[in-house]
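Below are the chains, spelled out letter by letter.
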Amino acid sequence: MDGIAIELPLFLLATFAGAFVAGLSGFAFGLVASSLWLYVLTPLQSASLIVGFGLLVQSYSVWKLRAALDWRRLWPLIAGAVVGVPAGVSLLTWADPKSVRIAVGAILIAYSLYAFFRPQLKLASEVSPAADITIGFANGLLGGLTGLAGIIVTI
């Protein structure tokens, strides 16, 4: 933000809207906040804030639900993300801000359409660790690039 009068109100509005939606639904802080933040901040600033605020907003929920976590199911996702996040961050350092804004907008639209038209999928009873590692990597890549972690794993 470089001091233009509209930037601070947009930043505050996006922050409030993101926290409000996350408080109601338990997720989507980054999706909501980035919709306006990317107009007033660089992708690097936006991704950093999404990660920081996301940790603040979600840490309480994770702490309360810690007993319900199945670490045997989570380790492949975490292993993939450990490789994907640094790859996403390295992409972020040289990516064109306009391209990142367009890509994030396309992801938001695609995710919204997916949620609206959500097809009835057969639940997988067995998922191979290789598939989970791949999903974790893709999720980590997106999280490192935009701070929007969790979308791919959720889908």
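Refer to the structure printed above.
**Brief notes about empty space enclosed by the protein**
Part 1 of the argument: As enumerated under the stated definition, the model contains one cavity of 30 Å³ or more in all.
Part 2 of the argument: Ser34, Leu38, Pro43, Ser46, Ala47, Ile50, Val100, Val104, Thr146 and Leu148 are the residues that line the largest cavity.
Part 3 of the argument: Elements supplying a minimum of two residues to the lining of the largest cavity: helix 2 (29–40), helix 3 (43–64) and helix 5 (97–117).
Part 4 of the argument: When its residues are assigned to classes, the lining of the largest cavity shows seven nonpolar, three polar and no charged.

**With respect to the environment of proline 86**
Part 1 of the argument: Looking at the element boundaries, proline 86 is found in helix 4 (residues 71–94).
Part 2 of the argument: Taking the C-alpha atoms as reference points, proline 86 and leucine 142, 56 residues apart in sequence, are found 10 Å from one another.

**A closer look at a nonpolar patch on the surface**
Part 1 of the argument: A surface patch of nonpolar side chains, about 650 Å² in accessible area, is lined by Val62, Leu69, Trp71, Ile78, Val82, Val83 and Phe137.
Part 2 of the argument: The dominant element in the nonpolar patch, judged by the number of residues it contributes, is helix 4, at four residues.
Part 3 of the argument: You can see phenylalanine 137 is positioned in helix 6 (residues 129–146).
Part 4 of the argument: Judged by its relative accessible area of 32%, phenylalanine 137 falls in the partly exposed class.

**Quick notes on the packing of aromatic side chains**
The description of two aromatic rings rests on the distance between their centres and on the angle between their planes.
Part 1 of the argument: Enumeration over the complete set of coordinates arrives at six aromatic pairs.
Part 2 of the argument: When the ring of phenylalanine 16 is compared with that of phenylalanine 20, the centres are 6.0 Å apart and the planes differ by 20 degrees; the resulting orientation is stacked. One end of the pair is phenylalanine 16 and the other is phenylalanine 20, both in helix 1 (residues 7–25) and four residues apart, which spans about a single turn.
Part 3 of the argument: The exposure class assigned to phenylalanine 16 is exposed, which follows from its relative accessible area of 58%.
Part 4 of the argument: Aromatic side chains phenylalanine 29 and tryptophan 37 sit 5.8 Å apart centroid to centroid with 75 degrees between the ring planes, which places their arrangement in the edge-to-face category. Each of the two residues, phenylalanine 29 as well as tryptophan 37, counts as buried.
Part 5 of the argument: One aromatic cluster is present, formed by Phe11, Phe29, Trp37 and Phe53 through successive ring pairs.

**Things to note about the environment of glutamine 58**
Part 1 of the argument: With respect to the secondary-structure elements, glutamine 58 resides in helix 3.
Part 2 of the argument: Of the residues examined, glutamine 58 reaches a relative accessible area of 24% and is grouped as partly exposed.
Part 3 of the argument: The sequence separation of glutamine 58 and glycine 23 amounts to 35 residues, and the corresponding C-alpha distance is 9.3 Å.
Part 4 of the argument: Among residues more than four places away in sequence, those in contact with glutamine 58 are Ala22, Gly26 and Phe27.

About the criteria used
- Residues numbered from 1 in each chain as written.
- Predicted model: local features only at pLDDT ≥ 70, side-chain atom pairs only at ≥ 80, totals over all residues.
- Heavy atoms only, no water.
- 1 Å grid on protein atoms, 1.4 Å probe; cavity = no way out; pocket = protein on both sides within 12 Å on 5 of 7 lines; lining within 4 Å.
- Points joined across faces, edges and corners; volume = space filled by probe spheres on them.
- Helix = DSSP H or I, 4+ residues; strand = E, 2+ residues; numbered from the N terminus.
- Nonpolar A, V, L, I, M, F, W, Y, C, P; charged D, E, K, R; others polar.
- Patch = residues over 30% accessible without salt bridge, like charges linked within 9 Å, V, L, I, M, F, W, Y side chains within 5 Å.
- Areas by Shrake-Rupley, 256 points an atom, 1.4 Å probe, with all protein chains shown as cover.
- Salt bridge = Lys/Arg side-chain N within 4 Å of Asp/Glu carboxyl O.
- Buried < 20%, exposed > 50% of the residue type's maximum accessible area, 1.4 Å probe, protein only.
- Phe/Tyr/Trp six-rings, centres within 6.5 Å; stacked < 30°, edge-to-face > 60°.
- Contact = heavy atoms within 4.5 Å.

None of this, on its own, says anything about what the molecule does.
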